[in-house]
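Chain by chain, the residues:
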Amino acid sequence: MTAPSRVFITGASSGIGAALAREYAASGATLGLLARRQSLLEELAASLPFPERHRIYAADVTDYVAVASAANDFIAANAGADIVIACAGISYGTLTERPADLAVFDAVFATNLNATVATFAPFIASMKQQQGPRRLVGIGSVAGVRGMRGAGAYCASKAAVHSYCESLRLELRDSGIKVVTIVPGYIDTPMTRNNRFPMPFLMPAERFAAQARDVIARGASYRVLPWQMGVVAKLLRLLPNALFDAAFSRAPTKQRQGEA
Ligand SMILES: NC(=O)c1ccc[n+]([C@@H]2O[C@H](COP(=O)([O-])OP(=O)(O)OC[C@H]3O[C@@H](n4cnc5c(N)ncnc54)[C@H](OP(=O)(O)O)[C@@H]3O)[C@@H](O)[C@H]2O)c1
């Protein structure tokens, strides 16, 4: 794939999304950067090469009309997009027995799954008309490979991202648009910094972004990064339920929303 010129990224104000923005900008790309925190997007854009090329969109990805409007603005300004990365995501621990957590399930699914659909949707018609490499990139998680205790919403939402991206990959197979699912293991970002459990193979966001860019360029269908977590994910998938339950029923959990 030649250097992509037009890349639209949600969740660009922090962590993986910001690292991907820096990675693509370094190769001369023109970026659309979407997240809620406008000041962080402005700081990021100002720090990139050719800051005047990039467009920032202060929007909530669960406001699907605002996402479509940002997408349409980016398409109009750049005559299309080569790569769209739906990276915005949230992660909270949840317990089904706590009634308040039903609202957290709604928020996690709206942000992690439905907003991925809302991010891709406005780009598909124009991407179908374009020539050359085109990519829609979903960000899953190794947490989506098996259900972990205390993380029902996050694990289920990321499993759903994996399945959704697979469906879309088949739907777009003859269109020239490749759907790439990138599945991070543990990446060092604000999302993981409060985790109260060991994080094997923790990877710096910059290294993740460089490897993700290669995966996206190749148009791979599904890739776990770092590769060591790919091995872990494969083993987890193979583990029979009885062994899985014995190994993970006492695993430490992620904080619920508002928990210290
Ligand atoms: N870090 C890891 O180890 C890891 C592992 C597996 C998967 N992932 C996935 O990777 C993606 C990026 O996570 P990260 O680690 O980089 O976390 P992060 O540093 O917390 O960044 C999350 C990004 O999502 C944006 N976001 C969240 N809710 C949003 C909303 N409603 N509207 C618009 N933007 C929203 C945030 O921007 P604003 O707050 O400014 O809106 C921020 O830019 C997520 O999908 C996450 O699930 C991360």
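Read on for a plain summary of the structure. Everything numeric in this text was worked out from a predicted model, so none of it was measured. (Residues numbered from 1 in each chain as written. Predicted model: local features only at pLDDT ≥ 70, side-chain atom pairs only at ≥ 80, totals over all residues. Heavy atoms only, no water.)

1. Looking at the site of the ligand
Then step 1. In the neighbourhood of the ligand, 30 residues make up the surrounding shell, with Ser14, Arg36, Tyr154, Ile187 and Thr189 lying closest.
Then step 2. A distance of 2.5 Å separates an oxygen atom of the ligand from a polar atom in the side chain of Ser14.
Then step 3. The backbone of Ile187 places a nitrogen or oxygen atom 2.7 Å from an oxygen atom of the ligand.
Then step 4. In the complex, 95% of the free accessible area of the ligand, which totals 870 Å², lies under the protein chains.
Then step 5. Of the residues contributing to the shell around the ligand, the split by class is 15 nonpolar, eleven polar and four charged. (Near = heavy atom within 4 Å. Polar contact = N/O pair within 3.5 Å; in protein donor to acceptor, adjacent residues only side chain to side chain. Areas by Shrake-Rupley, 256 points an atom, 1.4 Å probe, with all protein chains shown as cover. Nonpolar A, V, L, I, M, F, W, Y, C, P; charged D, E, K, R; others polar.)

2. Here we look at the environment of Gly147
Then step 1. Inspection of the secondary structure puts Gly147 in the loop between strand E5 (134-139) and helix H5 (152-171).
Then step 2. Sequence-wise, Gly147 and Tyr24 are 123 residues apart; in three dimensions their C-alpha atoms are separated by 33 Å.
Then step 3. The contacts of Gly147, once residues within four sequence positions are left out, are Cys155 and Phe244. (Helix = DSSP H or I, 4+ residues; strand = E, 2+ residues; numbered from the N terminus. Contact = heavy atoms within 4.5 Å.)

3. With respect to the packing of aromatic side chains
Then step 1. Tallying each qualifying case throughout the model produces six aromatic pairs.
Then step 2. Centre to centre, the rings of Phe8 and Tyr57 are 5.9 Å apart; their planes meet at 40 degrees, and the pair counts as tilted. Remark: Tyr57 occurs in strand E3 (residues 55-58) and Phe8 occurs in strand E1 (residues 6-10); sequence separation between them is 49 residues. Judged on exposure class, the residue Phe8 and its partner Tyr57 are both buried.
Then step 3. On the numbers, 5.0 Å between centres and 55 degrees between planes, the contact of Phe8 with Phe123 is tilted. With Phe8 in strand E1 and Phe123 in helix H4 (residues 101-129), this residue pair connects regions lying 115 residues apart in the sequence.
Then step 4. Here the aromatic cluster, defined as three or more aromatic residues joined through ring pairs, consists of Phe8, Tyr57, Phe74 and Phe123.
Then step 5. Between the NZ or CZ atom of Arg53 and the centre of the ring of Phe50, over which it lies, the distance is 3.9 Å. (Phe/Tyr/Trp six-rings, centres within 6.5 Å; stacked < 30°, edge-to-face > 60°. Buried < 20%, exposed > 50% of the residue type's maximum accessible area, 1.4 Å probe, protein only. Lys NZ or Arg CZ within 6 Å of the ring centre and 35° of its normal.)

4. Focus: H4
Then step 1. Its 29 residues give H4 an end-to-end C-alpha distance of 43 Å, which sits within 8% of 42 Å, the value for a rise of 1.5 Å per residue.
Then step 2. The sharpest bend along H4 reaches about 40 degrees and sits at Phe123. (Expected span 1.5 Å × (residues − 1). Bend = angle between axes of the 7 residues up to and from the residue.)

5. Notes on the packing of H4 against H5
Then step 1. Put simply, H4 and H5 touch, their axes get as near as 8 Å, and they point 20 degrees apart. One finds that H4 runs roughly parallel with respect to H5. Crossing angle aside, the handedness with which H4 passes H5 is right-handed. Between H4 and H5, the residues in contact are Phe105, Val108, Phe109, Asn112, Leu113, Thr116, Val117, Phe120 and Ile124 and Gly152, Ala153, Tyr154, Ala156, Ser157, Lys158, Ala160, Val161, Tyr164, Cys165 and Leu168, respectively.
Then step 2. The class makeup of the residues in the contact of H4 with H5 is 15 nonpolar, four polar and one charged. (Axes fitted to C-alpha atoms, helices over the stretch in contact; angles between N-to-C directions. Parallel < 35°, antiparallel > 145°, perpendicular 65-115°, else oblique. Left-handed = near helix turned anticlockwise from the far one by under 90°.)

6. A word on the pattern of salt bridges
Any two side chains of opposite charge can pair, given that their charged atoms come close.
Then step 1. Under the counting rule described, the total for this entry stands at seven salt bridges.
Then step 2. Between Glu23 and Arg213 there is a salt bridge whose closest N-O contact spans 3.2 Å. Of this pair, Glu23 sits in helix H1 (residues 15-26) while Arg213 sits in helix H6 (residues 205-218), and the two are 190 residues apart along the sequence.
Then step 3. The exposure class of Arg213 is partly exposed, given its relative accessible area of 25%.
Then step 4. Put simply, Arg55 and Asp73 hold a salt bridge, and the shortest N to O gap is 2.7 Å. Of this pair, Arg55 sits in strand E3 while Asp73 sits in helix H3 (residues 64-78); the two residues are 18 residues apart in sequence, bridging distant segments of the chain.
Then step 5. For Arg55, a relative accessible area of 33% puts it in the partly exposed group.
Then step 6. The partly exposed category is assigned to Asp73, whose relative accessible area is 29%. (Salt bridge = Lys/Arg side-chain N within 4 Å of Asp/Glu carboxyl O.)

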